[in-house]
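Given next are the chains, with one letter for each unit.
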Amino acid sequence: MTTNQKSLNVDARFALPDNDCEQQATPDVEIIEFDYSKRSQWLRAAVLGATDGLVSIGSLMMGVGAVKQDVKAMILTGCAGLVAGGCSMAIGEFVSVQSQLDIELAQIKRDNSRRATGEPENEGDREKLPNPAQASAASAVAFAIGAAVPLLAASFIGEYKLRLGVVVGAVTVALILFGWLGAVLGKAPIIKSSLTILIGGWFAMAITFGLTKLIGASGL
């Protein structure tokens, strides 16, 4: 009886309280969610540039193909459009985002002057400000990547009708891919994003091909 009582006393001395065990087993873990809005600074420019490159160069090549069957004419037109469009997208995106940045910085200065407290700016708000150089580079590179798709598709096809079909098919696949990629990176609806870009691209190519064909038939 005495031995059992001593054993119980020893167990009682070394036993941990139930609350301590629960606290050790379930530590407080802070879950930090990623702010997807930070991606919008470059994602918008990249998706816009890639889509513009695909639709612009694809439509341009389809327009040339409507009146000329020579593959060299299509390739030269596409290359000229790639260079000109990439430069235009880069400059236009830089000027646009720089204007937006100037407006937001001016608003921050006005807000700070109203407070008149001398407190530093919120770093979180500062990180969300647009970056003109980043948007410009993303737009130009994405435009070149998008424009290269119809160019590469047409470069190795000699037969006229097959070449037009391959260009349309390559642009279609790339539009779906870019729409899916933009939706995934931005956590947006995938089907809606892909269909919007795809239908818009088809519409642009059809209009360009039809109007150019009509102008060429009129003898202008």
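This one's a predicted model, so the numbers in the text were calculated from it and none came from an experiment.

1. What to know about the overall build of the protein chain
A tally of helices and strands in the protein chain yields eight helices and zero strands. Walking the protein chain from its N terminus toward its C terminus, one meets helices and strands in the order α-α-α-α-α-α-α-α. With 220 residues in all, the protein chain has 30% of them scored as buried. Of the contacts formed within the protein chain by residues at least 6 apart in sequence, a portion of 78% connects residues at least 24 apart. Accessible surface, the protein chain: about 14200 Å² in total, of which carbon and sulfur atoms supply 65%.

2. Concerning the nonpolar core
If you look at the biggest cluster of nonpolar residues, it comprises 30 residues, and the most contacted ones within it are Leu54, Ile57, Met61, Val171 and Leu175. Considering every element that reaches this core, the biggest residue donor is helix H3 (residues 40–67), with nine residues. Each residue touching isoleucine 57, except ones within four places of it in the same chain, is listed here: Asp52, Gly78, Gly81, Leu82, Phe143, Ala147, Pro150 and Leu151.

3. Side note on helix H7 (residues 160–186)
For H7, built from 27 residues, the straight-helix expectation of 39 Å at 1.5 Å per residue is met to within 8% by its first-to-last C-alpha distance of 39 Å. Backbone nitrogen of lysine 161 and a side-chain oxygen of the N-cap are separated by 3.3 Å at the start of H7; the cap is glutamate 159. Count one or two residues on from H7 and you reach lysine 187, which has phi positive near 55 degrees.

4. Examining a nonpolar patch on the surface
Among the surface-exposed residues, Leu177, Trp180, Leu181, Val184, Ile190, Ile191, Leu195 and Ile199 lie close enough to one another that they form a single nonpolar patch of about 740 Å² accessible area. For the nonpolar patch, the elements supplying multiple residues, two or more each, are H7 and helix H8 (190–217). With respect to the helices and strands, the residue isoleucine 190 is situated in helix H8. Its relative accessible area of 38% is what places isoleucine 190 among the partly exposed residues.

5. Focus on the side chain of serine 59
Examined against the element boundaries, serine 59 turns out to sit in helix H3. Judged by relative accessible area, which is 6%, serine 59 ranks as buried. From its side chain, serine 59 meets the backbone oxygen of valine 55 in a polar contact 2.6 Å long. Those residues within four positions of serine 59 in sequence are excluded, and the remaining contacts are Leu54, Ala204, Met205 and Thr208.

6. Some thoughts on helix H4 (residues 71–115)
Its 45 residues give H4 an end-to-end C-alpha distance of 65 Å, which sits within 8% of 66 Å, the value for a rise of 1.5 Å per residue. Within the sequence span of H4, burial applies to Ala73, Met74, Gly78, Gly81, Gly85, Gly86, Met89, Ala90, Glu93, Val97, Leu101 and Ile108. Where H4 begins, the capping side chain belongs to aspartate 70, and its oxygen is found 3.2 Å from the backbone nitrogen of lysine 72.

7. Quick look at the UniProt feature "transmembrane region" (unreviewed entry) in the protein chain
The positions that UniProt labels "transmembrane region" (unreviewed entry) are, in the present scheme, residues 45–67, 73–95, 135–158, 164–183 and 195–215. Secondary structure across residues 135–158 comprises 88% helix and 0% strand; the distance between its end C-alpha atoms is 38 Å. Taken end to end, residues 195–215 is 100% helix and 0% strand, and its first and last C-alpha atoms sit 30 Å apart.

8. Details of the packing of H4 against helix H6 (residues 132–155)
Remark: H4 packs on H6, axes separated minimally by 8 Å, with the N-to-C direction vectors making an angle of 165 degrees. On the basis of their axis angle, the class for H4 and H6 is roughly antiparallel. In this structure, H4 meets H6 at a crossing whose hand is right-handed. Residues belonging to the contact of H4 with H6 are distributed by class as follows: 19 nonpolar, eight polar and one charged.

Scoring rules and cut-offs
- Residues numbered from 1 in each chain as written.
- Predicted model: local features only at pLDDT ≥ 70, side-chain atom pairs only at ≥ 80, totals over all residues.
- Heavy atoms only, no water.
- Helix = DSSP H or I, 4+ residues; strand = E, 2+ residues; numbered from the N terminus.
- Buried < 20%, exposed > 50% of the residue type's maximum accessible area, 1.4 Å probe, protein only.
- Contact = heavy atoms within 4.5 Å.
- Areas by Shrake-Rupley, 256 points an atom, 1.4 Å probe, with all protein chains shown as cover.
- Core = buried A, V, L, I, M, F, W, Y, C linked by side-chain atoms within 4.5 Å.
- Expected span 1.5 Å × (residues − 1).
- Polar contact = N/O pair within 3.5 Å; in protein donor to acceptor, adjacent residues only side chain to side chain.
- Patch = residues over 30% accessible without salt bridge, like charges linked within 9 Å, V, L, I, M, F, W, Y side chains within 5 Å.
- Salt bridge = Lys/Arg side-chain N within 4 Å of Asp/Glu carboxyl O.
- UniProt positions renumbered as here; feature names shortened; annotations may be inferred.
- Axes fitted to C-alpha atoms, helices over the stretch in contact; angles between N-to-C directions.
- Parallel < 35°, antiparallel > 145°, perpendicular 65-115°, else oblique.
- Left-handed = near helix turned anticlockwise from the far one by under 90°.
- Nonpolar A, V, L, I, M, F, W, Y, C, P; charged D, E, K, R; others polar.

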